[in-house]
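Observations on the model geometry
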Amino acid sequence: LGCSLLLLVATYPKTKSDSIDSRTMLIEAAAALSNIQEQLMETIETETALKIFPARHMPQGSDTQRRERQTAIQFALRTAADVPFEVMRLCVRGLKHADTVAEHGARAASPDVELGVALLHAAFNGAQSNLDAKVCSLTDAVYVTSVVEEMARLNEEATSAVNATKSSLQVPPA
């Protein structure tokens, strides 16, 4: 929904300055947001839980079976962690384009941009919470460390993008 609102504003016929540069920037942002929206839909529709259930029901009568089961569970959990991780990445990309939309889009559409940013940020935070819960179940310390570091980097980028957009939306003093 956040990408949809930003995409809507980016395609309005009116821009803040009605310049060709603004229109070009908005066209580029609209193309990127459309691509991000499509990728988000594909990512969200990925069904990873189906991989976890069979792994948990694998036989565990012998040490070998238990190791195979644990390996399969860890692989399934890692695959399941990829979905919220990708949602976070895509939300950050969308938030970065929001600044362009805020800077060049029609001033009257500022509330739509604010709502789009709020929705993308909420999706980012929801995906981060989801990923936090999944990371606790993973046993590969190297992988967990890389995920935690990447999450921190994405969090910084999301915060920076939200702040930049808010700054672009502020009405300059008269």
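Residues numbered from 1 in each chain as written. Predicted model: local features only at pLDDT ≥ 70, side-chain atom pairs only at ≥ 80, totals over all residues. Heavy atoms only, no water.

1. Looking at the packing of aromatic side chains
Scanning the entire structure with this criterion turns up zero aromatic pairs. Sitting over the ring of Tyr143, Arg78 keeps its end group 3.8 Å from the ring centre. Positioned above the aromatic ring of Phe85, the side-chain terminus of Arg89 is 4.0 Å from the ring centre. (Phe/Tyr/Trp six-rings, centres within 6.5 Å; stacked < 30°, edge-to-face > 60°. Lys NZ or Arg CZ within 6 Å of the ring centre and 35° of its normal.)

2. Some points on the side chain of His104
Among the structural elements, His104 can be located in helix α4 (residues 63-104). Once residues within four sequence positions are removed from consideration, His104 is found in contact with Thr15, Lys16, Ser22, Met25 and Leu26. (Helix = DSSP H or I, 4+ residues; strand = E, 2+ residues; numbered from the N terminus. Contact = heavy atoms within 4.5 Å.)

3. Points about the nonpolar core
One finds Val101, Val113 and Leu131 to be the most contacted residues of the largest nonpolar core, which totals 43 residues. A total of 13 residues in this core trace back to one element, the largest contributor, which is α4. Excluding its chain neighbours within four sequence positions, the residues that come into contact with Leu131 are Ala81, Pro84, Phe85, Met88, Val147 and Met151. (Core = buried A, V, L, I, M, F, W, Y, C linked by side-chain atoms within 4.5 Å. Buried < 20%, exposed > 50% of the residue type's maximum accessible area, 1.4 Å probe, protein only.)

4. Quick word on the packing of helix α1 (residues 2-10) against helix α5 (residues 110-135)
Look at α1 against α5: their axes get within 7 Å of each other, and the N-to-C directions meet at 155°. Here α5 runs roughly antiparallel to α1, going by the angle between their axes. α5 is crossed by α1, and the crossing has left-handed handedness. For the pair α1 and α5, the contacting residues are Gly2, Cys3, Leu5, Leu6 and Val9 in the first and Asp112, Val113, Leu115, Gly116, Leu119 and Leu120 in the second. Partitioned by chemical class, the residues of the contact of α1 with α5 number eight nonpolar, two polar and one charged. (Axes fitted to C-alpha atoms, helices over the stretch in contact; angles between N-to-C directions. Parallel < 35°, antiparallel > 145°, perpendicular 65-115°, else oblique. Left-handed = near helix turned anticlockwise from the far one by under 90°. Nonpolar A, V, L, I, M, F, W, Y, C, P; charged D, E, K, R; others polar.)

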